[in-house]
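Notes for the structure review
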Amino acid sequence: MGREIKLGKRMVGDGHPAFVIAEIGINHNGDLDITRAMIDAAVHAGADAVKFQKRTPEVSTPEAQKTQMRETPWGYITYLDYRYKVEFNEAQYGEIDRHCREKGIAWMVSVWDEPAVDFMEKFDTPAYKIPSASLTDHKLLKHARKTGKPIIISTGMSTMAQIHKGVKAVGEENLVIMHCTSTYPCEPEELNLKVIQTLRNEFPHNPIGYSGHEVGLVPSAVAISLGACMVERHLTLDRAMWGSDQAASVEPGGFERLVKYIRVTEAALGDGVKKVYDSEKTSLKKLRRVADDE
């Protein structure tokens, strides 16, 4: 079993270009016009896919949170009512599907509950992602696996033991494991990017990715150098927009730079084989005083 899987038309894993996901999430604030603009921005930046969050609010919202009041653009409403405001229905997802196909970009969702998986089966997406908060929901993991689609799991706020249990529940086949710290935004001291290497050692058959919530772009490029073959970052049109994820998101211009940094990093890593490049030979003849014929 190689460390690669197929996502739609793309192979993802060692030896392949990193798969870059622009996480729209709920940064659209329930607005399809904003959503279309974000998809267009992701396409322009060179992302491989956009991703959304799909919840069944009455199922996935913790009981203690349902009646909590929250100040929102729709007024002072309960957290449960807010969750409904940022959910798209079947017709709206149909429009998202149409727009993504027109623009030539893949789209997928993070599923937060079993009914959300069933809902999404209406659409031909290349994979399902299980968010960090649901890594310990083994029923959800197994339910998503039954669809036959590749699975991406995020590992924020989880111990290594919990990650192993989650992987055992979902199975290693067609599985990408994402290193993540679930703090929005996350300070550099808690990104712990070396966990990417730890996960590569712990799960030698699985592609390892990175889901970042930091401010800035450099750590995501560093993740590539540590072996990440998938990078997910939140996208926003404006970090000043209302919403809990906006501050940890990247604006369109930044996302374009992010993709360029990732591609430059991939090119710069090379193959690890030391060689003398043709471009060095002029300097070699000019500067090396003592020759060695080996």
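Rules and cut-offs
- Every chain is numbered independently, its residues counted from 1 as its sequence is written.
- Given that this is a predicted model, residues contribute local features only at a pLDDT of at least 70 and side-chain atom pairs are listed and counted only at 80 or more, while totals for whole chains, interfaces and linings are drawn from all residues.
- Heavy atoms throughout the structure, all of them, feed into the side-chain values; hydrogens and water do not.
- Structural elements are reduced to axes, namely lines fitted to C-alpha atoms, with helices fitted over the stretch in contact, and the angle between N-to-C directions of any two is expressed from 0 to 180 degrees.
- Comment: elements are numbered from the N terminus, with helices defined as DSSP H or I runs of at least four residues and strands as E runs of at least two.
- By definition in this entry, angles of less than 35 degrees are roughly parallel, angles greater than 145 are roughly antiparallel, angles of 65 to 115 are roughly perpendicular, and the rest are oblique.
- Helix crossings are classified by the rotation of the near helix relative to the far one: an anticlockwise turn of less than a right angle makes the crossing left-handed, while a clockwise turn makes it right-handed.
- Any two residues having at least one pair of non-hydrogen atoms within 4.5 Å are treated as being in contact.
- In this classification, the charged set is Asp, Glu, Lys and Arg, the nonpolar set is Ala, Val, Leu, Ile, Met, Phe, Trp, Tyr, Cys and Pro, and all remaining amino acids, among them Gly, are polar.
- For each residue, the accessible area found with a 1.4 Å probe, counting protein chains only, is set against the maximum for its type, and the residue is called buried under 20%, exposed over 50%, and partly exposed in between.
- Here, the arc refers to the directions that run from the helix axis to the C-beta atoms.
- Every definition here rests on a 1 Å grid over the protein atoms only: cavities are sets of points where a 1.4 Å probe fits but cannot get out, pockets are open sets enclosed by protein on both sides within 12 Å along at least five of seven lines, and lining residues have some atom within 4 Å of a point.
- Grid points are joined across faces, edges and corners, and a volume is the space filled by probe spheres set on the points.
- For two strands to pair, DSSP has to find at least two bridges joining them.

**Details of the packing of helix α10 (residues 218–225) against helix α11 (residues 252–269)**
Two elements in contact, α10 and α11, have axes separated by 9 Å at closest approach and are oriented at 30°. The orientation of α10 relative to α11 falls into the category roughly parallel. Every pair of crossing elements has a handedness; the one defined by α10 and α11 is right-handed. Residues Ser220, Ala221, Ile224 and Ser225 of α10 form the contact with α11, whose participating residues are Leu258, Tyr261, Ile262, Thr265, Glu266 and Leu269. In terms of residue class, the contact of α10 with α11 is built from six nonpolar, three polar and one charged.

**Some points on helix α9 (residues 195–202)**
Considered for burial, the residues of α9 that qualify are Val195, Ile196, Leu199 and Arg200. Buried positions in α9, seen along its axis, are confined to an arc of 150° and lie on one side of it. Considering only its buried residues, α9 is in contact with α8 (160–170), β10 (175–180), β11 (208–212) and α10.

**With respect to the layout of surface pockets**
Put simply, the largest pocket is a space of about 650 Å³. Contributing to the lining of the largest pocket are 32 residues, with Gln53, Arg55, Trp112, Ala133 and Tyr184 lying nearest its centre. Those elements that provide at least two residues to the lining of the largest pocket are β4 (49–54), α4 (79–85) and β12 (230–234). For the lining of the largest pocket, the element with the most residues is α4, which contributes three residues. Taken together, the residues of the lining of the largest pocket sort by class into ten nonpolar, 13 polar and nine charged. In this structure, the second largest pocket occupies an estimated 400 Å³ of space. For the second largest pocket, the lining is made up of 15 residues, of which Gly8, Lys9, Ile105, Ala106 and Trp107 are closest to its centre. When residues of the lining of the second largest pocket are traced back to their parent elements, those giving at least two are α5 (90–103) and β7 (106–111).

**Quick notes on the sheet that holds strand β8 (residues 128–130)**
In spatial order, the strands read β3-β4-β7-β8-β9-β10-β11-β12; together these eight strands close into a barrel with parallel pairing. Strand-to-strand twist of the sheet, defined as the mean angle between neighbouring strand axes without regard to direction, takes the value 25°. Set on the sheet, α11 makes contact with β3 (19–25) and β12; between it and β3 the angle comes to about 160°.

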